[in-house]
Amino acid sequence: TVPKTVRCCRKPLYQMLSQADAARVAVVRLKAAHTWRAVPRTARLLSPKDREDRVEKICEVTEDFCLQPQTAGLAVSMFDRVCAKAALGAEINVPLDVVGLVCVLVATKFQEVRVPAIEELAKMDLPKGRAPRSRILMKEAEMTVLCLLDWDLHEAAPHQYLEHLFQITGASKSCVKRAEFFVDMSFYEARMLDFSPIAIAAGSLMLAWQQLGDIESENKHTAQLACLCEVDLKTLFLCRHILVDHFESVFKTCEVTVRVPASAPMDDSLRSESPDSIFAPLDAMSVVPRPPGSKVDPDKFFSPLRCPPSLPLAGQSPAGPRPEI
């Protein structure tokens, strides 16, 4: 018979660790498996405003197809890498609007169960007066983008790190919703290209604590976050500051309250929003709703698990029986 102490040691490592310790191990493994590639400032093809417009288009496409925020983040990351190659002299014979759509297509193949149909994706973000994009154009553009990325497509997005940081710090539901929102918001800010995905996740979590007034969590876990990110505290606070600056520029928050007589008509120019007023509807919901977008049309997708009857599976004749999946 095997002694009890030896039998206990036969348990997998993850069963012997606490939830927080298991999350720390997962973070270390993620960092080891995904090397972060910083985009040098000299390799930035677009101005911050032009890049924000491109990111907005990418996010609109993902919303129209009701894709996950992680898919949008991966698509934006690929788009930035392609633009960096172009800024360094690589030839790109594809318009940037098509590059953005192709990045969404490639990202969905990693993050989603259903992939948007190329014909439907080609109709998105079509400038006025331009002829519809063909399927051949989209497929050629996809190969161009994949070659520019050196087929290195396996990346870890901030959302992946954020899930583990929640377990490490024991984040509350309100904190989770805010931090996820700030990570989504970080896609639009060009200055966030200076930070690694885990640093963006940590900065978003720190900003959530700040807005909730959770000083205890901030004092307890900030140094630990810096250690996990392998950066100094100054870098994390700079990341948080940039997120705050972008948040305030978008929502025009201000600490000065404008007093308006009750009899005066309401003027939108006198309104101001605070973090509490913005997040109050989210705190009242158990599930964060998706951003507004068009309803999902099943015909806009091709799912490898649920093929249309007219499309046989690989290695199967059109008249043959469909195997059980």
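What counts, and at which threshold
- Residues numbered from 1 in each chain as written.
- Predicted model: local features only at pLDDT ≥ 70, side-chain atom pairs only at ≥ 80, totals over all residues.
- Heavy atoms only, no water.
- Axes fitted to C-alpha atoms, helices over the stretch in contact; angles between N-to-C directions.
- Helix = DSSP H or I, 4+ residues; strand = E, 2+ residues; numbered from the N terminus.
- Parallel < 35°, antiparallel > 145°, perpendicular 65-115°, else oblique.
- Contact = heavy atoms within 4.5 Å.
- Nonpolar A, V, L, I, M, F, W, Y, C, P; charged D, E, K, R; others polar.
- Salt bridge = Lys/Arg side-chain N within 4 Å of Asp/Glu carboxyl O.
- Buried < 20%, exposed > 50% of the residue type's maximum accessible area, 1.4 Å probe, protein only.
- Disulfide = S-S within 2.5 Å.
- pLDDT = per-residue confidence, 0-100.
- Expected span 1.5 Å × (residues − 1).
- Phe/Tyr/Trp six-rings, centres within 6.5 Å; stacked < 30°, edge-to-face > 60°.

## Concerning the packing of helix 11 (residues 197-212) against helix 12 (residues 215-229)
At a minimum axis distance of 10 Å, the contact between helix 11 and helix 12 shows a crossing angle of 175°. What the angle tells us is that helix 11 and helix 12 run roughly antiparallel. Two secondary-structure elements touch here, helix 11 through Ile 198, Ala 199, Ala 202, Leu 205, Met 206, Trp 209 and Gln 210 and helix 12 through Ser 217, Glu 218, His 221, Thr 222, Leu 225, Leu 228 and Cys 229. Partitioned by chemical class, the residues of the contact of helix 11 with helix 12 number nine nonpolar, four polar and one charged.

## A closer look at the pattern of salt bridges
This structure, assessed with the given rule, holds 12 salt bridges. The salt bridge involving Asp 53 is made with Lys 49; its shortest N-O contact spans 3.0 Å. Of this pair, Asp 53 and Lys 49 both sit in helix 4 (residues 48-64), four residues apart, which is roughly one turn of that helix. You can call Asp 53 partly exposed: its relative accessible area is 34%. Here the residues in one salt-bridge network are Lys 109, Lys 139 and Glu 142, joined through shared partners.

## Some words on the state of the cysteines
Here, disulfide denotes a covalent bond that connects the sulfur atoms of two cysteines. Summed over the entire model, instances satisfying the criterion amount to zero disulfides. With no disulfide of its own, Cys 229 lies 8.5 Å from the sulfur of Cys 239, the closest cysteine sulfur. Of the residues examined, Cys 229 reaches a relative accessible area of 8% and is grouped as buried.

## Some remarks on the confidence of the model for the protein
When pLDDT is averaged along the protein, the result is 75, and 70% of the positions lie at 70 or above. Within the protein, the element-level pLDDT minimum falls on helix 1 (residues 4-9), averaging 49, and the maximum on helix 11, averaging 92. Here residues 253-273 is modelled with pLDDT under 50, and outside its nearest four sequence neighbours on either side it reaches 14 contacts, counting other chains as well. The low-confidence segment residues 303-325, where pLDDT is below 50, has 21 contacts with residues more than four positions distant or belonging to other chains.

## Here's the deal with helix 6 (residues 96-111)
Helix length check: helix 6 (16 residues) gives 22 Å between terminal C-alpha atoms against 22 Å at 1.5 Å per residue, within 8%. With 12 of 16 residues buried, helix 6 is to be regarded as a mostly interior element. Within helix 6, burial applies to Asp 97, Val 98, Val 99, Gly 100, Leu 101, Val 102, Cys 103, Val 104, Leu 105, Val 106, Ala 107 and Thr 108. Each element contacted by the buried residues of helix 6 is listed here: helix 4, helix 5 (69-87), strand 1 (115-116), helix 7 (118-121) and helix 8 (135-148).

## With respect to unusual backbone geometry
Residue Cys 66 is not a glycine yet carries a positive backbone phi of 55°. Residue position: Cys 66 is located in the loop between helix 4 and helix 5. A residue is classified by how much of its surface remains accessible, and Cys 66, at 31% relative accessible area, is partly exposed.

## Brief notes about the packing of aromatic side chains
Counted under the stated rule, the structure contains three aromatic pairs. A ring pair is formed by Phe 181 and Phe 182, whose centres lie 5.8 Å apart and whose planes are at 70°; its orientation type is edge-to-face. Consider the rings of Phe 182 and Phe 247, whose centres lie 5.7 Å apart with planes at 80°: the pair is edge-to-face. Residue Phe 182 is located in helix 10 (residues 173-186), and its partner Phe 247 is located in helix 13 (residues 233-251); the two are separated by 65 residues in the primary sequence. In terms of burial, Phe 182 and Phe 247 fall into one category: buried.

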